[in-house]
Amino acid sequence: MARWCYRHRLVVLLLWVGALFGVSFAGSAAGTDYANVFSLPNTDSKKAYDLMEKAFPESSGDTDTIVWKVDEGSVRDASVQSRIEPALNEIAGTEGVGEVTSPYAAEGGAAQISENGRIAYAQVTFTEQANAVPKELVEDVVDTAQNAERDGLQVELGGQAITRVQEAAQGTSELVGILAAAIVLFLAFGAFFAMLLPIVVAVVALGIGLMGTGLISHVTNVPDVAPLLGSLIGLGVGIDYALFIVTRHRRGILRGMKPEEAAVKALNTSGRAVLFAGGTVVIALAGMLVMNLRFLDGVVIATSLTVVLGVLAAVTLLPALLGLLGMRVLSRRQRRRLAAAGPEPEHASGPAARWSAYVERRPRSTAAVALLVMVGLSIPVLSIRLGTSDQGNHKESTTTRQAYDLLAEGFGPGFNGPLQVVVDGEATTGLVSSIESTEGVAAVAALPPANGVSVIQVVPTTSPQDVETDRLIDRLRDDVIPAADVEAHVGGVTAVSKDFASVTADRLPYFIAAIITLGFLLLMVAFRSLVVPLTAAVMNLVAAAASFGVLVAIFQWGWGTEILGLGKEGPIAAFLPVIMLSLLFGLSMDYQVFLVSRMHEEWVHTKDNARAVRVGLAETSRVINCAALIMMCVFSAFILSGELEAAMAGIGLAGAVALDAFILRTALVPAAMHLLGNSNWWLPAGLEKRLPHLAVEPREEETEPAMESAASVVHGFIRTPDGEPIPGAAVTLLSKGGRQLDRVTSLADGSYILSVPAPGAYLLATTAASYGSRARHVVVEDGPLVYDVELAEGEVDAVN
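Residues numbered from 1 in each chain as written. Predicted model: local features only at pLDDT ≥ 70, side-chain atom pairs only at ≥ 80, totals over all residues. Heavy atoms only, no water.

Student: Can you break down the overall build of the protein chain residue by residue, with the values?
Tutor: When helices and strands are tallied, the protein chain shows 23 helices and 18 strands. In terms of overall dimensions, the protein chain has a C-alpha envelope of 110 × 55 × 45 Å along the principal axes. Total accessible area computed for the protein chain in this model is approximately 34,900 Å², and 58% of it derives from carbon and sulfur atoms. Charge-centre separation for the protein chain: the mean point of 56 positive side chains lies 13 Å from the mean point of 80 negative side chains. (Helix = DSSP H or I, 4+ residues; strand = E, 2+ residues; numbered from the N terminus. Areas by Shrake-Rupley, 256 points an atom, 1.4 Å probe, with all protein chains shown as cover. Lys, Arg positive; Asp, Glu negative; His and termini not counted. Charge placed at Lys NZ, Arg CZ, Asp CG, Glu CD.)

Set out below in structure tokens:
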């Protein structure tokens, strides 16, 4: 497939460009129909909602609030009323506004004025729900209301529709993330076109994914946060997957391969790993369905769609682009050096190799420091509290936050989140009086029965996100309502949020067990080991705890939220643990597979655990760290999205990726594997026979010997630079893919002889005690090849 895409690059490009423009046109024409549907079967708030629908079957539009405050005097003063009333009348006459409830109305208006007379509010009901209200209409309402301001008169607005007009421009966070990723890629590659490739591939896939999500929102419920999460995940994963393949392609060219062969080899190795990694991420995301929460179904659709398209673009669009670029995927300096000095040697060197050697020398201290950091960051998770953010968590500069604070100041903190006690029948006087006397209740108002259903409005003394409000809901459900001997249920936005958090917390252990078990089974099959997947499972739990500890410290404890411009501290969004755990599992699997697959390959060839861990870490840590840095840039940029939930997800995932890549995969995991020794690769014989074989890397092509020629040999002498023979040196012949073909020990005169299955290119590796190692490519023709090797004392290990 890679070769076909490379050779038919124009066809592939036209197909992708056609898909992008086609889906974009359809998405622009159809628009979006996002809906936040919290379906919580068998919960008390859901029963209350069903009764409310029975009482008020007419669908009403979104209701928002205009709040004003005077510094001196009263809102009843003629000077204030003469400015506010014309604005309210103008808003009421605007097309798209159904009703405006004014505090200056003769009947019932007094309740909308605070006791001290300095704060009042009016309610604006639109004819449509918040997502369907035109943005221009909302902006007109905001402008009209705030034009009534003067010195000493403050006017603010709150509500879902108002929130939409103060959101940051769509695409800002994505653009910043792309620019940051471009800088990292340019520093890693040093070539402009190589830097562009992963970004182009990711942006094309993301564009189709987001437009596709908008189209899907017309046929199923997709929450409005789903596109943001899809962007966050799809952009990071898309760039990373293309990075793995481009890195392998460039390495192949630098080591002497033709561009087409390098592309085919890159797709047939790293491309397979990308398919495996993308599949595990999608499986992890689909694990959210275990929660059985309809709100998460749309999130699964949006995120999985962007990941799948990112994988498809990486394995089809990317080889086509590589075909267009040819040698220009290298920088000019690299091309000149390749032409002048020939192919680069195949060995890892630099900081990655030195760090790998350090971990091998000091595994205990490395593991202890890494574990101490992770445990320290995990401590705040012990106080995690799940909930739902509201306008009280917005930035202080926003009109919605100021309206929220004014209502809390004038009518009490519980006014922003009233409860509804919904009675199937007529509300008894005893129930109303019992609720009034309940601890934590500020005000109670019983509405007239409608269609056989009574509604009692209950205003708590504490804010919607306060833990005391949760306790009040429990008291009403467990004590007050059962004592009144009526069928009643507690509903309202605050009660729904509490039930959503409770249901999420109850089902979270099953979700964690499902994804950890899946990861264990996948890694056990891939690496033929029980200890490696067990280690990975423990590390995933440690990474999750540490990343949630960071989230709690920032968003729940408020360490830096205002400095970062993230608004006021509050509970962690209830859906966030599920989404973060899904992504963390998927990304951790990516890094774990990339790291351990190289270790496993070396273990299979040498049966030397220390060497396998050292070589695997030295050769993969740089790419893992580069990929993680890109992910961190993309995720962190979502602080600019203007949505608290997206900022939480961005910071949480950026922290999780940083901890996973820089501490777990490059320090704690290899240190633990050094300490565990050969037991890393233990698998009971009976289980080995029953497990299916799953190879991330392609099977090596067996080279058949020529029909009329016998197997050839490589022979020669192992000597010092002075010509002295080196006895006892280990000489190994390896295939191009790294499979050991023959291994001998040099004799007393330093001679050796290796059998070769057929003519071709091989790797000859020589190692001797106190002399270091040397590895060189050899090409065997039809006859025997004479190849002498010189080893110097203290020579650098060229293999590693």
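There's more to say after this.
Student: How would you summarise the side chain of threonine 163 if you had to cite specific residues and measurements?
Tutor: Here threonine 163 is to be found in helix α6 (residues 160-165). What makes threonine 163 buried here is its relative accessible area of 18%. Within the structure, threonine 163 has its side chain in polar contact with the backbone oxygen of glycine 159 (distance 2.8 Å). Apart from the residues within four sequence positions on either side, threonine 163 is in contact with Gln391, His394 and Thr400. (Buried < 20%, exposed > 50% of the residue type's maximum accessible area, 1.4 Å probe, protein only. Polar contact = N/O pair within 3.5 Å; in protein donor to acceptor, adjacent residues only side chain to side chain. Contact = heavy atoms within 4.5 Å.)

Student: Any details on a nonpolar patch on the surface? Residues and values, ideally.
Tutor: A contiguous nonpolar patch, built from Trp4, Val11 and Leu15 and spanning about 320 Å² of accessible area, is present on the exposed surface. Its place among the elements puts valine 11 in helix α2 (residues 9-30). (Patch = residues over 30% accessible without salt bridge, like charges linked within 9 Å, V, L, I, M, F, W, Y side chains within 5 Å. Salt bridge = Lys/Arg side-chain N within 4 Å of Asp/Glu carboxyl O.)

Student: Could you give an account of the pattern of salt bridges, naming the residues involved and the relevant values?
Tutor: Applying the stated rule across the entire model yields 14 salt bridges. Two residues, aspartate 405 and arginine 401, come together in a salt bridge whose shortest N-O distance is 3.2 Å. Of the two residues, aspartate 405 and arginine 401 are both situated in helix α15 (residues 399-411); the distance of four residues between them amounts to about one turn of the helix. Residue aspartate 405 is classed as partly exposed on the basis of its relative accessible area, which comes to 34%. Given the relative accessible area of 6%, arginine 401 is considered buried. Residues joined by salt bridges that share partners form a network here, namely Arg3, Arg7, Glu260 and Glu261.

Student: Explain the packing of helix α9 (residues 226-254) against helix α11 (residues 294-325) to me, using residue names and the numbers behind them.
Tutor: Interaxial distance between α9 and α11 falls to 8 Å at its minimum, and their mutual angle equals 25°. Classified by the angle between their axes, α9 and α11 sit roughly parallel to one another. Seen along the crossing, α9 lies across α11 with a hand that is right-handed. Here α9 contributes Ala226, Leu229, Gly230, Ile233, Gly234, Val237, Tyr241, Ala242, Ile245, Val246 and His249 to the contact with α11, which in turn contributes Gly298, Val299, Ala302, Thr303, Thr306, Val307, Val311, Ala314, Leu318 and Leu322. (Axes fitted to C-alpha atoms, helices over the stretch in contact; angles between N-to-C directions. Parallel < 35°, antiparallel > 145°, perpendicular 65-115°, else oblique. Left-handed = near helix turned anticlockwise from the far one by under 90°.)

Student: Would you mind going over the nonpolar core in detail, with residue names and values included?
Tutor: Ranked by size, the top nonpolar core spans 156 residues in total, and within it Tyr241, Met288, Leu296, Phe575, Leu576, Ile630 and Phe635 carry the most contacts. Filtering out sequence-adjacent residues up to four positions away, isoleucine 630 remains in contact with Ala181, Val184, Leu185, Ile239, Asp240 and Leu243. In terms of nonpolar packing, the next biggest core, distinct from the first, is built from 29 residues, Val70, Ile84, Ile113 and Val124 among them. (Core = buried A, V, L, I, M, F, W, Y, C linked by side-chain atoms within 4.5 Å.)

Student: An account of unusual backbone geometry is needed here, citing residue identities and associated values.
Tutor: Positive phi is not limited to glycine here, since asparagine 451 has a value of about 55°. For asparagine 451, the position within the fold is in the loop between β7 (441-446) and β8 (453-460). Although it is not a glycine, aspartate 485 sits at a positive phi angle of roughly 55°.

Student: An account of the pairing of strand β15 (residues 760-768) is requested, with residue identities and associated values reported.
Tutor: Where strand β12 (residues 730-734) meets β15, five bridges bridge the pair, whose relative direction is antiparallel. Paired with leucine 733 across the two strands is leucine 764, which belongs to β15. The hairpin turn running from β15 into strand β16 (residues 772-780), its antiparallel successor, is three residues long, and serine 770 in that turn takes a positive phi close to 70°. (Pairing = 2+ DSSP bridges.)

Student: I'd love a proper account of the packing of aromatic side chains, names of residues and values included.
Tutor: Enumeration over the complete set of coordinates arrives at eight aromatic pairs. Ring centres 5.2 Å apart and planes at 85° place the aromatic pair tyrosine 121 and phenylalanine 411 in the edge-to-face group. Here tyrosine 121 is found in strand β3 (residues 119-126), whereas its partner phenylalanine 411 is found in helix α15, with 290 residues between them in sequence. Phenylalanine 411 carries the same exposure label as tyrosine 121, and that label is buried. Members of the aromatic cluster, each reached through a chain of ring pairs, are Tyr121, Phe411 and Phe415. The aromatic ring of tyrosine 6 is capped on one face by arginine 9, whose charged end is 5.4 Å from the ring centroid. (Phe/Tyr/Trp six-rings, centres within 6.5 Å; stacked < 30°, edge-to-face > 60°. Lys NZ or Arg CZ within 6 Å of the ring centre and 35° of its normal.)

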